[in-house]
Each structure stands twice: as structure tokens, then as C-alpha cells.
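Summary of structural features
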Amino acid sequence: MTFLVAGKANGEVLKLDEPLSFWGGVDPQTGEITDLRHPQGGLSVKGKVLMMPFGRGSSSGSSVIAEGIRSGSGPAGIIMMEADEIIALGAIVADEIYGKAMPIIVVEKSEYDGYSTGDLVDISEDGVTLS
Amino acid sequence: MTVNLSEFDQSCLDGEEGPAAASAMRVIVRLAETMEASELLDVTSAHIDSCLYHGPAVLDFAKWLEDQGAKVKIPTTLNVSSLDLIHPDLYRGDKNWGAQAKLLMDCYERMGCKPTWTCAPYQLEERPKFGEQVAWAESNAIVFANSVLGARTHRYGDFIDICAAICGRAPAAGLHLDENRKGDILFRVGGLNESLLDRDVLYPVLGHLVGKHAGNGIPVIQGLPDGVSEDRLKALGAAAASSGSVGMFHAVGSTPEAFTTEEAFSGLAPIDVIDVTPEKIILARDQLSTVTDSKIGAVSLGTPHYSVQEIKKLFELFGGESVCLGVNFYVSTGRDVLTEASLRGFVKPLEEAGVTFVTDTCTYITPIMEAVTLPVMTDSAKWAYYAPGNLGVEVIFGAVEDCVASGISGDLCIDNNIWYEG
């Protein structure tokens, strides 16, 4: 378990079936998944603990993450299996300029597989726990 | 893991190079930690994607740096933004949004970046050489720099690009390092007829397919003709970086770190082998269209920005014909390329034929296109991938030849034979 960005969060898990490009995939003002090709298109990431195995797509994803944190319509936290710099950057910058830390945590596959959409989880310095 | 900092890095962090360098270095070091980099390295150029307006956060960030006195230290180019400064009337979006976007663009220029406003900085005269370490953002530019130029950049997102430009430093990790540049998945192209292998339209389709299967790996593509053109490799890479997270690919016989398949894999075995059959190519092609229709409302070409060669081909395809009344025909390109293509006599006749050139931005990231209810046709897999979500349009993918024929007639004209003929 490694934190890409440290922080605390709790919320309902939304586990994505496929990686999502935040740019072109999420509206940062509402949190809606706008990528119609994505299996979970139409759902909202707002306030969710978002799970995706790894990142995908455009470099602008960092900006969309930061904008979502600023607007309050982004995820509460993100759980991944592989580090993704584009996603991490958005959260690092939001932390630097707004002092708002959205945790991003990378976990082993066995732990990743243990959570499903709808689970209520906490992310703290100790890692992810069911709440 | 701690990052070993050089004296210079530490002096930046300590504020000896000014407050902006301190802030920029802090972001670089935090990113380096997430990448598990053991140190930073020098980079010789940067390409900035952060100049596209997505809302207040990106402007807050740029101002945060500028207010601390930020100036770039290395040659730095700018990616597309939200406005076309050469043809400002094309912008049809919210005035306030446009005004904020302009503030952002001005801010990056004041920090010393060159106002190139293109997603294809590799088409500019000065571009990185083989082996050069750079910090580029914009997914298609990253994949081109790594794969086609043999320069080295990691898959950088927004924000880090300008931080690297301010400090001239980037994490020594990822695609900057030899050990992370070898291929892992082999794509064996086979059974495709020779004439299809020599068509532009194959390459974005192949890229779409490769990206879907490669995820964030490094695909090695075998079975293409030697010396595939830069424009085709551009289309392939852009597509693979949209459907997947590909930051680098090897096309055996075309890209500089893959003279042979063995070289591309550094002598190791691929972790997976995928046979690219004609059936899979057709399936990938069909995934790029959201509808089949008999009419089109618009055409959008130039994602990534069209090169001079591509504009020349467009000029030849039009052959004196004009765009059908009621169809809007857009071509996105860089301002430098537009100047060159104008000098060579391709632009004016195309404009007279009804083609609208869009510079400094792209039709799928900002409100430029007139509202259409009919589908939009494109030769770009990247445009086809993102436009339905961004613009709410239906899209039909086709070869540039199909796009021109359809644009002239207003009816969908697709030459299906090219996919099947022997």
C-alpha cells in the first residue's frame, strides 16, 4: 500500500470496470462520467471513493482532477492498483494551491479485489478500511 | 522512497532560485516520489499542455506561479488552448469562459513560453533529437517524441510540464530510462493486403486497436512496411494514446529503437502476442463510428494538427471541387504549418472551396463547430474517440478520401472496397 497523495476520505465505492480518462471522460463541474463509451458513463464520481486499476488517456486529466477538487464535484479519494502520474499530479497541485488533499492510494490486487461498488470505506493514513 | 536531490535541486527547494522555482521544484519532487524516482535529471525542452482552460483551477495554478515570478529556463512550446487567436471569430462559446482562457494563454506567454499553440510540436522546425531528455505533456506529442523521434519524456500530465520548464529538471523515471523503453506486447500484423497497408486510414484504426489491448504497456508492431511516414505514425500514436495509455510504441522497421523485433524487446520475450487480423481491423474501424447514416452535417480533420503534407493531400483531393452547401468542413492545424501551407499555395484554394482552417486550438476541445444534428465525419481516431463525449455529436470515421467525397456531396460516401480488396 502506497499513497501517491496523502489525505483522508470516506465514502461509497464506485469501482470502474475500465480505466477512465478524466479529460473527455468526466465533467469537473458536476462529476458526471461523460465518456459514453465507458461502461459506467452517466454515473457520477462526486464524493465517491473511485476505484480504477490504472489511468488512461489525455494529459489534461490532471487539470480535470484539480478542477474537480476545487469545485467539490470530484471524487473523495481514488484507489488504484498502479500508480498514475497524470492523476497524481492533479491532486498534488490542488493540495499545493488550495490546501485540499484528495488521497490517492495504490494497493495490491488482492486488496483491490476485496472492495466493490456500494461499499462504504474510509481512507486514512493506515490505508483503506470498510466503515 | 526518498529522491536524491542535486545541489541545484536543493537550492531550488530552499528558495535560492526564487519562490517560483521553489514551488515548481516542490511539485516535481512530489511527483518524483510517486514515480519512485531515485533522482531528477536535466531536460532540454518542455511542451506545455496546462495552457488549455478547463475552469478556474488551471488559471489559479498559472497565476500562483506567475505571481511568484516564474520564468521558463529551457525552450518551451505551448499546446493548443481554447481560442483561435488567428481566427478569433470562430469561437462560439461563453464570453466569460473565452476571456478566462485568454488570461491563461497570456499568463503562459508572459512566463516565456513560445506561442506555438499546437498539439504537434514535432512539426516545428526545432524538435528534440534522438536520445534527448525532454518534458512533454499532451498524450499524442508524448507518444510521438518517444516513439518516432527517440527523444525521452515520461507520460506527463498538466502542471508538471511548466514546473519542469521553470527548473529544467524532471524525475529520472519511467520512459526517461532505458529499462522502461523496451516493448512488452507484440502485435503481429498479418493477412492485410498490400494496398491497405499503404493507406493513411489504416494507421489510426491500428492505433485504436493497439491502445485498447496494450493499456499502459509498450506495444511493438510487427508486419508494417519499413519506413512508415511520420504522419501515419502520428495518427497511430494519437489513437493508441486515446484508447489506451500508450506513451511509447515501437513499429519495427520504422521507429528508431526498433530496427528489429529483438531490439524492440531488448532481446526479451513479449509478455503477450496479439495477431492483428483483417477481421480485428474491421472491428476496430467500426468501433470508431457511433452511427451509420446517409447524410453528414460536418467534417473535422486535423486531430492531431494536420501537417503541411496532409494539407497538400487535402488540396489535391479537392481537385477544384467545393464543400456542399450546408456542410461545415474544418481542418485544425498549427499556425506555423498554416503559414507554410499558405506559402505553398494550398490554403487559399481550400478556403475558397469552403474549408475552414482552425489554428491554435482544435474543434473538439472548444466551441467552434456550428451546431449539427447530422453526424460529423472525421479521419482521426482521437477525434472520433473524444468528440461524442465532449460535443455530444454522432461521429462517422472514414479515410480522408471518404471525408472529402462526403464533404463535397453532403451524402455519406465511404469506399468500403479498400478494406477488402486483394
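Residues numbered from 1 in each chain as written. Chains lettered and ligands numbered in written order. Predicted model: local features only at pLDDT ≥ 70, side-chain atom pairs only at ≥ 80, totals over all residues.

1. Quick word on the overall build of chain A
Scanning chain A from terminus to terminus reveals three helices and seven strands. For chain A, the succession of helices and strands along the chain, N to C, is β-β-β-α-β-α-β-α-β-β. In terms of overall dimensions, chain A is globule-like: its C-alpha atoms have a radius of gyration of 13 Å, near the 14 Å expected for 131 residues. Projecting the C-alpha coordinates of chain A onto the three principal axes gives extents of approximately 35 × 30 × 20 Å. (Helix = DSSP H or I, 4+ residues; strand = E, 2+ residues; numbered from the N terminus. Rg over C-alpha atoms; globule rule 2.2 N^0.38 Å.)

2. Topic: the overall build of chain B
Of regular secondary structure, chain B possesses 16 helices and 14 strands. Relative to the compact-globule value of 22 Å for 422 residues, chain B shows a C-alpha radius of gyration of 21 Å, a close match. With the C-alpha coordinates aligned to their principal axes, the bounding extent of chain B is approximately 65 × 55 × 35 Å. Going through the 422 residues of chain B one by one, you find that 57% of them count as buried. Across chain B, every contact between residues at least 6 apart in sequence was considered, and the portion connecting residues at least 24 apart equals 80%. (Buried ≥ 20, exposed ≤ 12 C-beta atoms within 10 Å, placed from the backbone. Contact = placed C-beta atoms within 7 Å.)

3. As for the interface of chain B and chain A
Frequently, the measure chosen for interface size is the accessible area that the parts lose on association. If you look at the interface, chain B gives 36 residues, while chain A gives 34 residues. Mapped by element, the contributors of at least two residues to the side of chain B that touches chain A are α2 (19-34), α3 (56-67) and α15 (381-391) of chain B. Per-element tally for the side of chain B that touches chain A: the top contributor is α3(B), with six residues. Here the residues of the side of chain B that touches chain A sort into 15 nonpolar, 14 polar and seven charged. (Nonpolar A, V, L, I, M, F, W, Y, C, P; charged D, E, K, R; others polar.)

4. With respect to the environment of B:L209
Residue and element names in this part refer to chain B. Within the fold, L209 resides in helix α8 (residues 202-214). Exposure remark for L209: the 27 C-beta atoms within 10 Å place this residue in the buried category. Taking C-alpha positions, L209 is 10.0 Å from I282, a pair spaced 73 residues apart along the chain.

5. Let's talk about the sheet that holds strand β2 (residues 46-48) of chain B
Residue and element names in this part refer to chain B. In space, the three strands of this open sheet follow the order β3-β2-β4, with parallel pairing throughout. Both outer strands of the open sheet, β3 (76-78) and β4 (135-136), are each paired with one neighbouring strand and no more. As judged from the two bridges shared by β2 and β4, these two strands associate in the parallel manner. Note on β4: the bridge partner recorded for H47 is W136. Packing against the sheet, helix α6 (residues 160-167) makes contact with β2, β3 and β4, and its axis sits at approximately 145° to β2. (Pairing = 2+ DSSP bridges. Axes fitted to C-alpha atoms, helices over the stretch in contact; angles between N-to-C directions.)

6. Considering the domain arrangement of chain B
All names here are of chain B. Partitioning chain B into structural domains gives domain 1 (7-178), domain 2 (182-287) and domain 3 (298-414). For domain 1 versus domain 3, the distance between C-alpha centres works out to 28 Å. Taken together, the contact between domain 1 and domain 3 spans 21 residues of the former and 17 residues of the latter. (Domains from an automatic or database assignment.)

7. Digging into the sheet that holds strand β7 (residues 219-222) of chain B
Residues and elements named next belong to chain B. Sheet architecture is open: four strands sit in the order β8-β7-β6-β9, paired in parallel fashion. Each edge of the sheet is formed by a strand with only one pairing partner; in this case those strands are β8 (250-251) and β9 (272-276). With five bridges joining them, strand β6 (residues 185-189) and β9 adopt parallel strand pairing. Within β9, the position partnered with V189 by the bridge is V276.

8. Quick word on the packing of helix α2 (residues 85-98) of chain A against α3(B)
α3(B) packs onto α2(A) with a crossing angle of 65° between their chain directions and a minimal axis gap of 11 Å. Classified by chirality, the crossing of α3(B) by α2(A) is left-handed. In this structure, α2(A) contributes A:V93, A:A94 and A:I97 to the contact, and α3(B) contributes B:A57, B:D60, B:F61 and B:W64. Of the residues assigned to the contact of α2(A) with α3(B), the class counts are six nonpolar, no polar and one charged. (Left-handed = near helix turned anticlockwise from the far one by under 90°.)

9. Topic: helix α13 (residues 335-343) of chain B
Residue and element names in this part refer to chain B. Within α13, the full set of buried residues consists of V337, L338 and A341. The buried residues of α13 occupy one face: seen down the axis, they fall within an arc of 100°. On its buried face, α13 sits against β10 (298-306), α12 (308-318), β11 (328-333), α14 (347-352) and β12 (355-359). The positive-phi residue at the C-terminal boundary of α13 is G345, with phi of around 85°. (Arc of directions from axis to C-beta.)

10. Let's talk about unusual backbone geometry
All names here are of chain B. The omega torsion across T303 and P304 is -5°, close enough to zero to call that bond cis. For P304, the position within the fold is in strand β10. A positive phi is found at E36, a non-glycine position, where the angle reads about 55°. Not every positive phi belongs to a glycine, and S266 is a case in point at roughly 50°. Within the secondary structure, S266 sits in the loop between α10 (261-264) and β9.

11. Quick notes on α15(B)
In an α-helix there are 3.6 residues to a turn, and that puts residues three or four apart on one side. Residues and elements named next belong to chain B. Where burial is concerned, most of α15 is hidden: 10 out of the 11 residues are buried. Its buried side turned inward, α15 meets α5 (139-149), α8, α9 (230-243), β10, β13 (376-378) and β14 (395-397). Positioned one or two residues after α15, G392 has a phi angle of 70°, which is positive.

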